[in-house]
Amino acid sequence: SGQYQGNVPLETDLVADLSLGNDIAVTASRLDAVIGDQTIGLRKPLQFVLRENGRQQLDGELAIGTGHLQVKLDQEAGEKALTSDIRLSDVDLRPWGRIFGFDGLSGTANLDASLRETRGNLPNASIKGRISGISAKAVEDLEPFEMLLDITLSDGTLIGQASLGN
């Protein structure tokens, strides 16, 4: 336990198994964290493996308040290959606004991001996100608004679009 930035209470509790052999494996069976009034916990055991050949794999799902975060990563150092997928679903921004000093911030965040890279090929990536119901004390006279993001990197070409409105 402690404090984030000197004024936000922070508590964590972690139970994990560590396996040391030719491969190194960490399996977290429990993670309970509270940052301010934001709760974070595992939805399923989190697994990380560092293989003898340098390959790294991560698979995790976290509950973030009433929302959740899914992360999958597979990186093969010798092959210079990387696959990563991240999904953030229905995360309430109110607790995060209080944590970072934007009291009165509200909204719900959703994001899907992926990255694919293999030796000899240009990376491909995409980010698609939506934050709905955005409001804050600084703009309390405005109706809640929405932010959309859609970015794609494919074969060296970056295409993107972002919008903000209600």
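Residues numbered from 1 in each chain as written. Predicted model: local features only at pLDDT ≥ 70, side-chain atom pairs only at ≥ 80, totals over all residues. Heavy atoms only, no water.

**Some remarks on the sheet that holds strand 4 (residues 38–50)**
Filter applied, for reference: One bridge is not enough; two strands pair if DSSP finds at least two bridges between them. A helix here means a DSSP run of H or I that spans at least four residues, while a strand means a run of E at least two residues long, and both kinds are numbered starting from the N terminus. Angular values range over 0 to 180 degrees, each being the angle between N-to-C directions of two axes fitted as lines to C-alpha atoms, with helices fitted over their stretch in contact.
Ordered in space as 1-2-3-4-5-6-7-8-9-10-11, the eleven strands form an open sheet in which the pairing is antiparallel. Since the sheet does not close on itself, it has two edges, and those belong to strand 1 (2–4) and strand 11 (157–165), each with one partner. On average, each strand axis in the sheet is inclined to that of its neighbour by 15°, with strand direction left out of account. As judged from the eight bridges shared by strand 4 and strand 5 (residues 56–64), these two strands associate in the antiparallel manner. If you follow Lys44 over to strand 5, its bridge partner there is Glu61.

**Things to note about the packing of aromatic side chains**
The criterion, for reference: Any two rings among Phe, Tyr and Trp, with Trp reduced to its six-membered ring, count as a pair given centres within 6.5 Å; such a pair is stacked if its planes are under 30 degrees apart, edge-to-face if over 60, and tilted if neither. Relative accessibility thresholds used throughout: buried, under 20% of the residue-type maximum; exposed, over 50%; partly exposed, between the two (1.4 Å probe, protein chains only).
Applying the stated criterion across every chain yields a total of two aromatic pairs. With a centroid separation of 6.2 Å and 20° between ring planes, the pair formed by Trp96 and Phe100 is classed as stacked. Given a relative accessible area of 21%, Trp96 falls into the partly exposed group. Among the aromatic residues, those joined into a cluster by ring pairs are Tyr4, Trp96 and Phe100.

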